[in-house]
Every structure is written in structure tokens, then in C-alpha cells.
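Spelled out, the chains give:
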Amino acid sequence: MPDIKTEEMLLNMGPQHPSTHGVFRVVVRTDGEMVLETESHIGYLHRCFEKVAENNNYLQVVPYTDRMDYLCAMANNLGYAQTVEKLMQLQVPERAEHIRVIVTELNRIASHLMAFGTYGMDIGAMTPFLYAFRDREMILKIFEKLCGQRLNYSYVRIGGVTFDITDEIVADIARFCEYFEPSIIKEYNDLLSYNGIFISRTANVGVLPVELAISYGVTGPSLRGSGLKRDLRKDEPSSIYDRFEFDVPVGTGEMGTIGDCWDRYMVRIREMTESVKIIRQALDALPPGEFCDKKAFRGVKPPKGEVYHKVEGARGEVGFYLVSDGTNKPYRVKARGPSFSNISVLDALTSRGDCMVADMVAIIGSLDIVMGEVDR
Amino acid sequence: MGLERAEIHEIVKTKFPDAVLEDAAEAVDPYIVVRPEVVEDLAFFVRDEPRLRFDLLSAITGVDYPDKKVIEVIYCLDSTVHKHWLIVKVPLPRDNPRVASVEKVWKTADWHERETFDLLGVTFEGHHNLVRILCAEDWEGHPLRRDYVMPESYRGIKNVVY
């Protein structure tokens, strides 16, 4: 049919859309099934956390950090607490350091499970989601026992952690590790990772070359999926990560090209194994003693000065720039959410002319964003 | 690990002897303060210099100091090659804060500069699309300025202060 009329179409995806993982809007210029160009719009969840932080004291800021990356709140708590501690030159008790590592890694697994489950669903596989939630629930139960919260923990605070970890919880975590690795991870691989349909939907799709990733400030599993071994837990161990043995999995282009969606996805699955390794070592090494600096818990007043500090969250570099004027309220807190930079690369990935509309959903999912920290 | 922070500062100072206003190598988190005119040259230099190779821009942010009549723009740089980092601060006059965009050097700067423009009102010259990113397009004022007053209402939605 030679006289069929074809023309470009402008589509609006979001802000309310199940595949945008939150309130994220993309304006897509399409030509049939092909995406020609996209333009991202963010800010729908903006609540100006940084302004709120100026009006609260140092301890009151902690709950706001939870709500940035709500799927890996422990890492945000940790980043903020360590930033203040770095400015105060405050030493945290050994036991607290170990507990921090354990909860952050558990939270990383929970977050990657969420990424794994929803990614399957984005691609069209409903079942893995239920499996992921079955296991994520166990971690949330442990956290509930530990601090009464399932998502916004405010558990890691300036000077230590809120509650001590009991023997019962230690046993729970050990039991979870026993259950989870290796058998459950193998189950995930059988279910989704090596599924033929899944591979054909993700391999060679949304290839992110490492130079482009670095230029856009992409960090975390999305950067490691492009083959670069950059993990702040290894490169700049801020907590006690340098005492533990673990590997940093990177994308190798096993199923297609280095840096495709499958690589980014697989890095997360492999990271879960590494997190379990760290948790096991930290549980074994857990020393007795204090779990917090009681004086710091009553309120802190850091000296004048400023500091930038970053930790490895589940999505990449969680950074805080803190300016103190010597009072009990921070003069300025800047939060660098990894998703903010990670999602900025989307337009570059989808505007090359080789992207289908359905691939766009696969690409957004593989970047694993949380809008809470994009908009802050 | 790469170079010490003081060594990095030395390299920058040798290249731009007149532009470095302050070298706080002894601070808790060392930083250097440079003149706004050299920002773009400095950005290209620290990215391409083989000893430095700051290829990853972690964040651009700003701090408002009304009593000093200054807005400081802060660049947090990171090197994935040498695994060292650097903080560069640029003081700008508060009534007309303007600085060259580094978008051509690091693509990250695109959104981070838009954010700094949105929240602090710093103009990044040469940015291809300097519009608000987090606040609504018709939002008035820049929230992270210290003297910012919340509007009483926005499009008929009253602002309730608790």
C-alpha cells in the first residue's frame, strides 16, 4: 500500500505510568514503532528537602534522608550520618560500624530484589515479581524486628545506630543468608536471567558505552554494567568495608554487548551474592560493646566547616555536601541522589534512532531509578 | 589510590597561578577557590591532564551567603581512573551570579546546572537549555536563597504554614 499516510507522532508517557517507577514524564517523538527522540521531565515529587534541612537540627534531618531513596533508606541514613561524623571527626563504636554494614547490605539486597521483580514485570514476566517480594518480605520482617519500621528506618544515626542488634535478630539474618544464597539466587536465574525471551528483550538493547556513562555521571550497578569496576565500598572504603572480602561484578557482554540492559540487570543479581558474603563476614566479626555514642544521640553541634562525603548506595553514589556554621542546624545540605544523574542519560540512550517504544520501558527499568531521590 | 589532595591543588596552582584565590589543603575536606573567569579552562584542564583525569562530575551545587554577598558554586569532581577527588569552589556576586557552563566538559553538568539555576538562581552562560528542572516552570524565586519567602499561594492553592 504505497499511499498509506505516515507521520511522526508526539507521545506523552507519564507522569503517572506503571513503567516509569514513580512520577516521571517522558515526551517521546515516534515514527511508527521507532523512538526518534525523547525528553525527560522531572520534579513531580519535589519537596525541596534541602530547604527543609536548613530549618531542622542535625538529628531531625535523618528522617528526610529516608524518603529520598526509600528502597534503600539505610544507605542514605549512612551517607548522611557519616558526613556529619566526618565533619565532627567523631569515631563510631566498632559494634555500630558492623551493624551499619549488615543493615546496609541487607537493604541493598531488598532494593535489588525490588529492581529484579519490577524489571521482570516491565518486560512482561509477572511471576518473578512474586518471588522477589516473598524474599524481600523476610528482610523487611528483620528490619521491623530491629527498628519497628519496614521502609523509612531512620536507623543509622549520627554516632551509631538506634537500637542494638539482638542475638535473635542475628540468628534471623544468618538464617536468611542460609536460605537465600545460593539456592534462591539460582532460582532467580532459572526463572528470569537465562530465560530466552527475557534475553532477547534485554540483550543488545540500550547499550550504554562506558565513556558515555562516566560523562553523564552514571554510578552504581548501571555504571558497573558498562564494564567499569567502580565501587565506593572498594575504592574509598568509608566505613569498615575494607575488612571484608567481596568481588565487584561488572558487565561482560555475555549475552550481547557490554553495557546492555541484560548486563545492568545481571550486575544486580550478582551483587546480591556479594552482599550475602559481606553480611556473613560481618556477623562473624560482630564485636560486643556499645552500639551508639550516647552523647551524639542527644544532639550535635559540628564545628564550622564544610565537607563532601559519599557512600555506595544500591543505585550508586549517595553524596552529601554539608556546610556547618557552628550552630545546631545545618547551614546547607546538598544531597546527591544517584538516580538523578542515572536517569539523565535516558535521553541519550533513546535518541539514537535504534530504540523501539517497548525498549524504552526496558531501558528505564534497567537504570533502576527511584523518583524520591531524583526530585528530592 | 591516586594523588593526595594537596598535590592535586599544587598541579592546579601551577597551571593557573593567578586564578586560585584560596587553597584550603588543611581543611577537614580540602578545597580550592578559583576565580569565575577560569572555570571553563580549568574544567577542561582537570579532565584532560593525564595526572588528574577528573572524568566524573559528582555534583554541582551552590551555597548562598547573604552577609558576604556571595553565592558559592561548588564542583565535586571524581576520577574513575586515578580514584582521587577534588572540590572546586567559585565565589560569585550575589546580585548577579554568572559563571560559564561546563556542560561541554561533563554531560552531567546539564541537569546539575539546571538544578542550581532553579534553586539558587545562578546563571550558567552557554548552557543550551537553562530552564527550571525541579520547581514548576512558572515558580517565582529561588528557594535555596537564604532570604527566600514562601509564596502565599500558587495557582490558587493556599500555602499553609504549620
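If you're wondering where the values come from, they're calculated on a predicted model, not measured in any experiment.

As a further point, take the sheet that holds strand β10 (residues 332-336) of chain A. Residues and elements named next belong to chain A. In space, the three strands of this open sheet follow the order β8-β9-β10, with antiparallel pairing throughout. This sheet does not close on itself; its edge strands, each paired only once, are β8 (305-312) and β10. Adjacent strand axes in the sheet meet at a mean angle of 10° when their direction is disregarded. Of the pairings in the sheet, the one linking β8 to strand β9 (residues 317-324) comprises eight bridges and is antiparallel in character. Residue Val 311 lies in a different strand from β9, and its bridge partner there is Val 318. Contacting β8 and β9, helix α3 (residues 73-88) runs over the sheet at an angle of about 145° to β8.

Residue and element names in this part refer to chain A. Viewed as axis vectors pointing N to C, α3 and helix α4 (residues 94-123) meet at an angle of 140°, and their least axial separation amounts to 7 Å. If you check the angle between α3 and α4, you find them oblique. Only Arg 100, Val 103, Thr 104 and Asn 107 of α4 make contact with α3, whose side of the interface consists of Ala 73, Met 74, Ala 75 and Leu 78. Among the residues making up the contact of α3 with α4, the classes are represented as five nonpolar, two polar and one charged.

Moving on to the pairing of β8(A). In terms of residue burial, β8(A) counts as a mostly covered element, since seven of its eight residues are buried. Connecting β8(A) to the antiparallel partner β9(A) that follows it, the hairpin turn spans four residues, and A:Gly316 within it adopts a positive phi of roughly 140°.

Residues and elements named next belong to chain B. Burial within strand β4 (residues 70-78) is extensive, with eight of its nine residues counted as buried. Note that strand β3 (residues 56-65) and β4 share nine bridges and pair antiparallel. Looking at the pairing, Gly 62 lines up with Val 73 of β4. Taking the residues that link successive antiparallel strands as the turn, the β3-β4 hairpin has four residues, and the phi of Lys 69 there is positive, at about 55°. Two strands pair when backbone bridges link them, and β4 and strand β5 (residues 85-93) are joined in this way by nine bridges, in the antiparallel orientation. Its bridge partner being in β5, Val 73 is matched across the sheet by Val 90. Two successive antiparallel strands, β4 and β5, enclose a turn made up of six residues, where Lys 83 displays a positive phi of approximately 60°.

All right, on to the sheet that holds strand β4 (residues 25-31) of chain A then. All names here are of chain A. On the basis of which strands lie adjacent, the open sheet formed by four strands has the order β1-β4-β5-β11 and antiparallel pairing. The sheet terminates laterally at β1 (9-13) and β11 (355-356), the two strands that pair on one side only. In this structure, strand β5 (residues 34-41) lies alongside β11, joined through two bridges in antiparallel fashion. For Val 35, the partnering residue across the bridge sits in β11 and is Cys 355.

How each quantity is defined
- Chains are numbered independently. Their residues run from 1 in the order of the written sequence.
- As they are written, the chains are lettered A onward and the ligands numbered 1 onward, keeping that order.
- With the structure being a predicted model, the display of local features is reserved for residues of pLDDT at least 70 and the display and counting of side-chain atom pairs for 80 or more, all residues being used for whole-chain, interface and lining totals.
- Strands were regarded as paired on the criterion that DSSP finds at least two bridges between them.
- Only DSSP runs of H or I reaching four residues or more are called helices, and only runs of E reaching two or more are called strands; each is numbered from the N terminus.
- All axes are obtained by fitting lines to C-alpha atoms, using only the stretch in contact for helices, and the reported angles, taken between N-to-C directions, cover 0 to 180 degrees.
- Whether two residues are in contact is decided by their C-beta atoms, placed from the backbone, lying within 7 Å.
- For this classification, under 35 degrees means roughly parallel, over 145 means roughly antiparallel, 65 to 115 means roughly perpendicular, and everything else is oblique.
- Gly is put with the polar residues, along with every residue not named as nonpolar or charged; the nonpolar set is Ala, Val, Leu, Ile, Met, Phe, Trp, Tyr, Cys and Pro, and the charged set is Asp, Glu, Lys and Arg.
- Backbone-placed C-beta atoms define the burial measure: a residue is buried with 20 or more other C-beta atoms within 10 Å of its own, exposed with 12 or fewer, and partly exposed in between.

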